[in-house]
Amino acid sequence: MARFELSDDSVVVVIGSGAGGGTLANELCQKGIKVVLLEAGKRHEIRDFVNNEWDSFFQLAWLDKRTTSGSWRIARDFPNLPAWTCKTVGGTTVHWAGASLRFQPHEFKAKSVYGDIPGANLLDWPIDYDELAPFYDRAEDKLGVTRTHDIPGLPGNNNFKVFYNGAIRVGYGKVHTGRMAINSRPRHDRPSCQQIGFCFQGCKAGAKWSTLYTEIPAAEATGRLDLRTEATALRIEHNAAGKVTGVLYADAEGRQHFQKARLVCVACNAIETPRLLLNSASSQFPDGLANSSGQVGRNYMRHTTGSVYAAFDQPVHMYRGTTMAGIVMDEAGHRPERGFAGGYELETLSLGLPFLAAFLDPGAWGRAFTRKLEFYDHMAGMWIVGEDMPQETNAVTLHPTEKDPFGLPIPNVHFDDHPNDIAMREHAYRAGRRIYEAAGAREVYEVPPYPSTHNLGTCRMSDKPRDGVVNRFGQTHDIANLFISDGSQFTTGAAENPTLTIVALAIRQAETIAGMMSRGEI
Amino acid sequence: MPKYILDRRRFLRRTGEVVLVVTAAGRVIFTDPGRSFAIAMEVLDEHGARTLLAMTRALYPHPSIGDEYYAVVVEALDAEAKADAAVANLLKDGVARLDAAKGVPFVALSPGTQEEVLASLEGDPFFQKVRGASVFHFYNNKLLWRHFGYEGSSFEYGGYLRRGFQDLGWLPDPPPEVSPEPYFG
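Residues numbered from 1 in each chain as written. Chains lettered and ligands numbered in written order. Predicted model: local features only at pLDDT ≥ 70, side-chain atom pairs only at ≥ 80, totals over all residues. Heavy atoms only, no water.

On to the overall build of chain A, then. When helices and strands are counted, chain A shows 12 helices and 17 strands. The globule rule puts the C-alpha radius of gyration for 522 residues at 24 Å, and the 22 Å found for chain A is close to it. Along the three orthogonal principal directions, the C-alpha set of chain A runs to about 70 × 50 × 45 Å. Considering only contacts in chain A between residues 6 or more positions apart, those separated by 24 or more positions represent 75%. (Helix = DSSP H or I, 4+ residues; strand = E, 2+ residues; numbered from the N terminus. Rg over C-alpha atoms; globule rule 2.2 N^0.38 Å. Contact = heavy atoms within 4.5 Å.)

Residue and element names in this part refer to chain A. What the three strands build is an open sheet, ordered β6-β7-β8; its pairing is antiparallel. Edge strands, defined here as strands with exactly one partner in the open sheet, are β6 (232–238) and β8 (256–260). The average angle at which neighbouring strand axes cross in this sheet is 25°, direction not considered. Sheet topology places strand β7 (residues 244–250) next to β8; five bridges connect them, and they run antiparallel. Bridge pairing links L248 to F258 in β8. (Pairing = 2+ DSSP bridges. Axes fitted to C-alpha atoms, helices over the stretch in contact; angles between N-to-C directions.)

Counting residues at the interface gives 49 residues for chain B and 56 residues for chain A. Taken over both partners, the interface formed by chain B and chain A buries close to 4,400 Å², and the fraction arising from carbon and sulfur atoms is 62%. At the boundary of chain B with chain A, the tally comes to three salt bridges. Across the contact surface, chain B and chain A share 31 residue pairs in polar contact (both at pLDDT 80 or more). Within the residue set of the side of chain B that touches chain A, elements represented by two or more residues are α2 (46–59), α5 (111–121), α6 (125–139) and α7 (142–148) of chain B. In terms of residues, the side of chain B that touches chain A owes the most to one element, α6(B), which gives five residues. Here the residues of the side of chain B that touches chain A are counted per class, giving 28 nonpolar, 11 polar and 10 charged. (Buried area = accessible area lost by both parts, 1.4 Å probe. Salt bridge = Lys/Arg side-chain N within 4 Å of Asp/Glu carboxyl O. Polar contact = N/O pair within 3.5 Å; in protein donor to acceptor, adjacent residues only side chain to side chain. Nonpolar A, V, L, I, M, F, W, Y, C, P; charged D, E, K, R; others polar.)

This part is about the pattern of salt bridges. Tallying each qualifying case throughout the model produces 45 salt bridges over all chains. Among the salt bridges present, the one from R320(A) reaches E151(B), with a minimum N-O distance of 2.8 Å. Placement of R320(A) in the loop between β10 (304–311) and β11 (327–328) and of E151(B) in the segment after α7 is noted, with the two residues assigned to different chains. Like R320(A), the residue E151(B) is buried in the burial classification. Sharing partners across several salt bridges, the network here consists of E27(A), R138(A), K142(A), E215(A) and E511(A). (Buried < 20%, exposed > 50% of the residue type's maximum accessible area, 1.4 Å probe, protein only.)

Here we come to the confidence of the model for chain B. Residues and elements named next belong to chain B. Counting all residues, the mean pLDDT for chain B is 89, and 91% of those residues have values of 70 or more. Counted against residues more than four places away or in other chains, residues 1–15, with its pLDDT under 50, gives 30 contacts. In the predicted complex, the global pTM is 0.96; the interface-specific ipTM is 0.95. (pLDDT = per-residue confidence, 0-100.)

Bringing the layout of surface pockets into the picture now. Volume-wise, the second largest pocket comes out at about 740 Å³. Around the second largest pocket, the lining comprises 23 residues; the ones closest to its centre are W54(A), D77(A), F78(A), R131(B) and G132(B). Elements that contribute at least two residues to the lining of the second largest pocket include exactly α2 (53–60), α3 (74–77) and α9 (353–359) of chain A together with α6 of chain B. Ranked by residue count, the leading element in the lining of the second largest pocket is α6(B), at six residues. Residue composition of the lining of the second largest pocket, by class: 15 nonpolar, four polar and four charged. (1 Å grid on protein atoms, 1.4 Å probe; cavity = no way out; pocket = protein on both sides within 12 Å on 5 of 7 lines; lining within 4 Å. Points joined across faces, edges and corners; volume = space filled by probe spheres on them.)

This part takes up the sheet that holds strand β15 (residues 409–414) of chain A. To summarise the sheet geometry, strands pair through backbone hydrogen bonds and adopt either a parallel or an antiparallel arrangement. Residue and element names in this part refer to chain A. The three strands are arranged β3-β15-β14 in an open sheet whose pairing can be described as mixed. Across the chains shown, the open sheet's two edge strands, defined by having one partner strand only, are β3 (67–69) and β14 (395–403). Within the sheet, the average angular offset between the axes of one strand and its neighbour, ignoring direction, is 35°. The pairing of β3 with β15 spans three bridges and is classified as parallel. Pairing of S69 across the sheet is with H414, part of β15. Packed onto the sheet, helix α8 (residues 269–279) meets β14 and β15 and runs at close to 60° relative to β14.

Turning our eyes to something else, we now look at empty space enclosed by the protein. Once rolled over the atoms, a probe with the size of a water molecule shows which space is left empty. All names here are of chain A. Summed over the entire model, instances satisfying the criterion amount to five cavities of 30 Å³ or more. Roughly 110 Å³ of internal volume is contained in the largest cavity. Across the lining of the largest cavity, the residue classes break down as eight nonpolar, five polar and two charged. Looking at the second largest cavity, it is lined by 14 residues, and the ones nearest its centre are E53, G197, S350, L351 and G352. Along the lines of polarity and charge, the residues of the lining of the second largest cavity split into seven nonpolar, six polar and one charged.

All names here are of chain B. Running from N to C, helix α3 (residues 67–83) and α6 cross one another at 125°; their axes reach a closest spacing of 9 Å. When the interaxial angle is binned, α3 and α6 end up oblique. With respect to the hand of their crossing, α3 and α6 are arranged in right-handed fashion. Taking contact as the criterion, the partners of Y69, Y70, V73, A76, L77 and E80 in α3 are, on α6, K129, V130, A133, S134, H137 and F138. Here the contact of α3 with α6 is built from residues that sort into eight nonpolar, two polar and two charged. (Parallel < 35°, antiparallel > 145°, perpendicular 65-115°, else oblique. Left-handed = near helix turned anticlockwise from the far one by under 90°.)

See below:
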């Protein structure tokens, strides 16, 4: 592994080693570019993962204190846990379920297609589907997405069997075991799925794609990656010319270092990314870096989610096998006659008993609740993931008084559902209920959203500097050598799980950066 | 004294009630008549421990599960109280309020009245502390998982690839184009 000097101002500093940062770092290294990759978490390898929900949560999750506000139920049930993301090498690719769906073409043009929706800060992406399609193709090959590149689908588990039968009986047709970045056959040095059932806790087989054991070792093998773990980025510095000069970070012992950089790419997930820009405010940029639009931290999206679980007369054992084992795609399109704009996917999901007790009905107690849990092994589960409306007031902001151990303001995450989000969720709850009732459910449970796993939109992409933070390549409008490389870039959220799009954008961004560097533009 | 003294086979067979014993040294322990297990309190007194045990069971009642599993929650609360005086005070005051609610010790109330008293405290920091600890420690007990039909860690057994991940027999199997055959290597 490479070691670059703190004073080496020829390196690219990438902050965050997840889907965006980990992929970008590798792609840059493959092109001969030196990269310092700062990761706040430790390097937990596959052997360290544990098949235990809470133990794994405390091993991998981002647990730094955050606060919440707004009318979302998370603010009441999990006031200091707005998001369920990871602080570890590999970021949230260690935890993700593996669903790898392309956006639908119309979803890049949400404002044009959906029209004016009161209260929604909709915008078209500056890019369209065709522009991203070749990068989607490369991302699918990189991740080994099933049902692409002649890779067979995964076998469905018991949870899928219930889901499939119900879905077919109510008339859905686009139902299968999904497009998953989980090997159904050995491929690219990764083995095939062993149906372990702990996808969220880090795949012990290494069958699921994670930057931890794909992109990062590949980048290290080039001799051009300097990965620094337990390195917490505190501040991005700039010069009088308005160019960023490097990143101030703290190491595991709390010692602060300044790494010089030719350019800086921020991929800290959509809560920490805007927080870092806001915490880097200076006399020249009093509202935070790259924030002339005032949009840094705004338009926070988390997908319209929720879950439907159901108890059956006979056993299901939903926890056996892949956590996200199948999908219904029939509701993903934009059909405003349903009473809302955009669409949603239904994807099977299971939780172990410890997490189901915490999330089935947060805060609930008493016999009515415990009776549900007594049917644990007779339950099936699915997750709703749909497009939510960007709203300017849904925002990541700096807490006015609370500070982290480095003296920096912690983030507050404010979220209110848009009426469109509510209408979609209600529709999806009804759809999920119909599916399970058709499969013979004795009881159906509508479960509120978990802490957010899909955090998006807080540095959104627009061709116009006045209404977006980054341009079509993720380069900030205000500072030419500062890039955003994670889901913060998303102009709108679409109905699909975001990782594949984050990876496709990162591959594309690496080409842009390499071209700009070779032409001396940055 | 070891933290747990238990005979696993007897432990799993029991569904009885725990008893509280104050040892000669003045220490409060949960045990059972056969002394097959024991959990010692460091901070909570006998009445406090007994009341929190009753509260934990009233919050997450499972009639077929013995008190010793709920005692694990009380042990965890006791440990928190030892580490943090604010928690110790919160629990002490909370127990007093549970008792004051009806003018009869909480442990002497009927299950229905216990539920009513707890409902009146919902949202209160004491209630939230005990509820949070209960939902975490009670359902995170591996010895209970089998009772609920949850099998826990699977990778050491090779996952479920050959152990029933698609053994559900009461619905038709999906066709191979939507759910291809498993790959066994």
